[in-house]
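In case you want the letters, here they are:
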Amino acid sequence: MMRHEVERAVVEMVRVLGPHGGRDWAVPAGGLEWSCRETAAHVAHDLLAYAGQLAGRPDDGYLPFDLVVRPEASPCRVLEVVTACGGLLGSALAAAGPEARGWHWGPCDRTGFAAMGVAETLLHTYDIAQGLEVAWLPPADQCDAVLRRLFPDAPPGDPVRVLLWCTGRAELDSRPRRASWVWRAASG
């Protein structure tokens, strides 16, 4: 999972949500406390943060910078920011060698940053789609790749449903919805 998969997830987010840019994005994004707009800005923030971590290679914490999406930016403009930040993460992934590490609760390699970028994009696209009442599920192959990299102890089953369960968004068979969860991005 690398640059292409991050870019693919971002393209999918824009494809699914872009046609709904004129709707009210102030509504909550699925089960989140954030609005749909805040959630999209969060995706952009995380993609940029992951790019910065991989390019800057700090070994003890996050770099002291933040992304600010102007309050007057429309949902479609926020999706453009997501696209730009996804491109920056893609470029950082392409430039980083296999030995490159940046900090994300420990040393994280480029496959970890790529998987987190895909996960953040797809999961929050799902959240926003829920908030806007748009029927959509993330692509199974990308969910499977995220599970293999970030949730190695995930139970077997449909990768979409398992990823939604692993991240506290749904029940899974007889398993109740998770109240808390953590993925494993650090790679040593």
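Let me begin by describing the structure that accompanies this report. All of these numbers come straight from a predicted model, not from anything done at the bench.

**Description of the side chain of Thr-167**
Step number 1: Checked against the element boundaries, Thr-167 lands in the segment after helix H6 (159–166).
Step number 2: For Thr-167, a relative accessible area of 4% corresponds to the buried category.
Step number 3: A polar side-chain atom of Thr-167 sits 2.8 Å from the main-chain carbonyl oxygen of Leu-163.
Step number 4: A polar contact is formed between the side chain of Thr-167 and the backbone oxygen of Leu-164, at a distance of 3.4 Å.
Step number 5: Excluding its chain neighbours within four sequence positions, the residues that come into contact with Thr-167 are Leu-123, Phe-151 and Trp-181.

**A short note on the packing of aromatic side chains**
Step number 1: Scanning all chains against the criterion turns up six aromatic pairs.
Step number 2: Geometrically, the ring pair formed by Phe-151 and Trp-181 is tilted, given 6.1 Å between the ring centres and 50 degrees between the ring planes. Note that Phe-151 is positioned in the loop between helix H5 (140–150) and H6 and Trp-181 in the segment after H6, a separation of 30 residues in sequence.
Step number 3: On the basis of relative accessibility, which here comes to 6%, the residue Phe-151 falls in the buried class.

**Thoughts on the packing of helix H2 (residues 36–56) against helix H3 (residues 75–95)**
Step number 1: Between H2 and H3, the least distance of the axes is 8 Å, while the angle of their chain directions is 20 degrees. Between H2 and H3, the angle falls in the class roughly parallel. In this structure, H2 crosses over H3, and the sense of that crossing is left-handed. Contacts from Arg-37, Ala-40, Ala-41, Val-43, Ala-44, Leu-47, Leu-48, Tyr-50, Ala-51 and Leu-54 in H2 reach Val-78, Val-81, Val-82, Cys-85, Gly-86, Leu-88, Leu-89, Ala-92 and Leu-93 in H3.
Step number 2: Classifying every residue of the contact of H2 with H3 gives 17 nonpolar, one polar and one charged.

**Side note on the nonpolar core**
Where a protein is soluble and globular, its nonpolar side chains tend to be buried together.
Step number 1: With 59 residues, the main nonpolar core has Met-13, Leu-17, Trp-25, Met-116, Ile-128, Leu-150 and Trp-183 as its most contacted residues.
Step number 2: At the level of elements, helix H1 (3–17), H2, H3, helix H4 (110–131), H5 and H6 are the ones that each hand at least two residues to this core.
Step number 3: With 11 residues, the top contributor of residues to this core is H4.
Step number 4: What Met-116 contacts, discounting residues up to four positions off in sequence, is Tyr-50, His-104, Cys-108, Leu-150, Trp-183 and Ala-185.

**Quick notes on the layout of surface pockets**
Step number 1: Looking at the largest pocket, its volume works out to about 380 Å³.
Step number 2: Lining the largest pocket are 18 residues, and of these Leu-32, His-124, Thr-167, Arg-169 and Trp-181 lie nearest its centre.
Step number 3: A per-element tally of the lining of the largest pocket places H4 first, with six residues.
Step number 4: Split into classes, the residues belonging to the lining of the largest pocket amount to six nonpolar, seven polar and five charged.

Conventions and cut-offs
Residues numbered from 1 in each chain as written. Predicted model: local features only at pLDDT ≥ 70, side-chain atom pairs only at ≥ 80, totals over all residues. Heavy atoms only, no water. Helix = DSSP H or I, 4+ residues; strand = E, 2+ residues; numbered from the N terminus. Buried < 20%, exposed > 50% of the residue type's maximum accessible area, 1.4 Å probe, protein only. Polar contact = N/O pair within 3.5 Å; in protein donor to acceptor, adjacent residues only side chain to side chain. Contact = heavy atoms within 4.5 Å. Phe/Tyr/Trp six-rings, centres within 6.5 Å; stacked < 30°, edge-to-face > 60°. Axes fitted to C-alpha atoms, helices over the stretch in contact; angles between N-to-C directions. Parallel < 35°, antiparallel > 145°, perpendicular 65-115°, else oblique. Left-handed = near helix turned anticlockwise from the far one by under 90°. Nonpolar A, V, L, I, M, F, W, Y, C, P; charged D, E, K, R; others polar. Core = buried A, V, L, I, M, F, W, Y, C linked by side-chain atoms within 4.5 Å. 1 Å grid on protein atoms, 1.4 Å probe; cavity = no way out; pocket = protein on both sides within 12 Å on 5 of 7 lines; lining within 4 Å. Points joined across faces, edges and corners; volume = space filled by probe spheres on them.

Remember, this is a structural readout, not a statement about activity or role.
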